[in-house]
Amino acid sequence: MTAVTLQEAMNLTEAGIAKATEMGVAMNIAVVDEGGNLLHFSRMKGAWLGSIDIAIKKARTAVLFLMPTAAIGELSQPGGALYNIEVTNGGLVTFGGGLPITGEDGRVIGAVGVSGGQVPEDVAVAEACLA
C-alpha cells in the first residue's frame, strides 16, 4: 500500500467496528490520509458525540507527528520536550487511540483515530483496525 484508498479506509474501519462490537463499546473511528485529511469516518450507534472530534484529532495527531498519540502524550507531560504541543495545529489529542498507518516502504501514509471508550479500549480498537 502506497496510499490509503477509500476502500482500504473502509476496511480498516470495519475491522475496528468488529473489535468494538466484540468488546461491547460504541466507538467513533476516523481514518485520515497522509496530509491529515479525513478519508473515512464511522460512528457506532450510541457512541459519544463528543468523541467524534477526539477520534478525528487523534488520527490527525498521529499522522502529523508520525507516531502513536500515546507516545506524544508521554513527551508532552509538564517538563517534557513537547509540553503544551496539544494547543498547536488547531488542537491535538495526546493520549492513546491514534496510530499511524505505514505503507510497504515503512513511510507513514495515513492514520486511524478511535474514541469512545476508556483509553486502553480505544487503543485496542485502533490496533484491531491495523491488524
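Just so it is clear, the model here is predicted, and its values are computed rather than measured.

Rules used in this analysis
- Residues numbered from 1 in each chain as written.
- Predicted model: local features only at pLDDT ≥ 70, side-chain atom pairs only at ≥ 80, totals over all residues.
- Heavy atoms only, no water.
- Helix = DSSP H or I, 4+ residues; strand = E, 2+ residues; numbered from the N terminus.
- Expected span 1.5 Å × (residues − 1).
- Buried < 20%, exposed > 50% of the residue type's maximum accessible area, 1.4 Å probe, protein only.
- Arc of directions from axis to C-beta.
- Contact = heavy atoms within 4.5 Å.
- Salt bridge = Lys/Arg side-chain N within 4 Å of Asp/Glu carboxyl O.
- Pairing = 2+ DSSP bridges.

Chemist: So what about helix α4 (residues 119–130)? Which residues, and what values?
Modeler: The terminal C-alpha atoms of α4 lie 17 Å apart, and with 12 residues this matches the ideal 16 Å at 1.5 Å per residue to within 8%. Listed as buried for α4 are Asp122, Val125, Ala126, Ala128 and Cys129. Taken down its axis, α4 places every buried residue within 160 degrees of arc, on the same side. Its buried side turned inward, α4 meets α1 (6–23), β1 (28–33), α2 (50–65), β3 (98–102) and β4 (108–115).

Chemist: Give a detailed account of the pattern of salt bridges, specifying residues and quantitative values.
Modeler: Under the counting rule described, the total for this entry stands at 5 salt bridges. Notably, a salt bridge pairs arginine 107 with glutamate 34, separated by 2.6 Å at the nearest N-O pair. Taken as a pair, arginine 107 in the loop between β3 and β4 and glutamate 34 in the loop between β1 and β2 (38–43) lie far apart in primary sequence, 73 residues in all. For arginine 107, a relative accessible area of 37% gives the class partly exposed. Judged by relative accessible area, glutamate 34 falls into the partly exposed class, the value being 47%. Here lysine 57 and aspartate 53 are joined by a salt bridge, their closest N and O atoms 3.3 Å apart. Linking lysine 57 with aspartate 53, this pair stays in helix α2, spanning 4 residues, or about one helical turn. Judged by its relative accessible area of 22%, lysine 57 falls in the partly exposed class. In this structure aspartate 53 comes out as partly exposed when scored by relative accessible area, which is 41%. One network of salt bridges, with partners in common, ties together Glu34, Asp105 and Arg107.

Chemist: Give a description of the pairing of β3 that names residues and reports values.
Modeler: A regular strand places its side chains so that they alternate between the two faces of the sheet. Across the 5 residues of β3, 4 count as buried, placing the element largely inside the fold. Sheet topology places β3 next to β4; 5 bridges connect them, and they run antiparallel. Within β4, the position partnered with proline 100 by the bridge is alanine 111. Between β3 and β4, which pair antiparallel in sequence order, lie 5 residues; one of them, glycine 106, sits at a positive phi of approximately 90 degrees.

Chemist: Any chance you could break down the pairing of β2 for me, citing the residues and the numbers?
Modeler: Sheet topology places β1 next to β2; 5 bridges connect them, and they run antiparallel. Note on β2: the bridge partner recorded for asparagine 28 is arginine 43. Connecting the antiparallel pair β1 and β2 is a turn made up of 4 residues, with glycine 36 showing a positive phi of about 85 degrees.

Chemist: Tell me what's going on with unusual backbone geometry, and back it up with residues and numbers.
Modeler: The backbone of leucine 66 shows a phi angle near 55 degrees, a positive value even though the residue is not glycine. Relative to the assigned elements, leucine 66 resides in the loop between α2 and α3 (69–75). On the basis of relative accessible area, leucine 66 is assigned to the exposed category, the value being 55%. For asparagine 89, which is not glycine, the phi dihedral falls at a positive 55 degrees. Residue placement: asparagine 89 occurs in the loop between α3 and β3. Residue class for asparagine 89 comes out partly exposed when judged on its relative accessible area of 40%.

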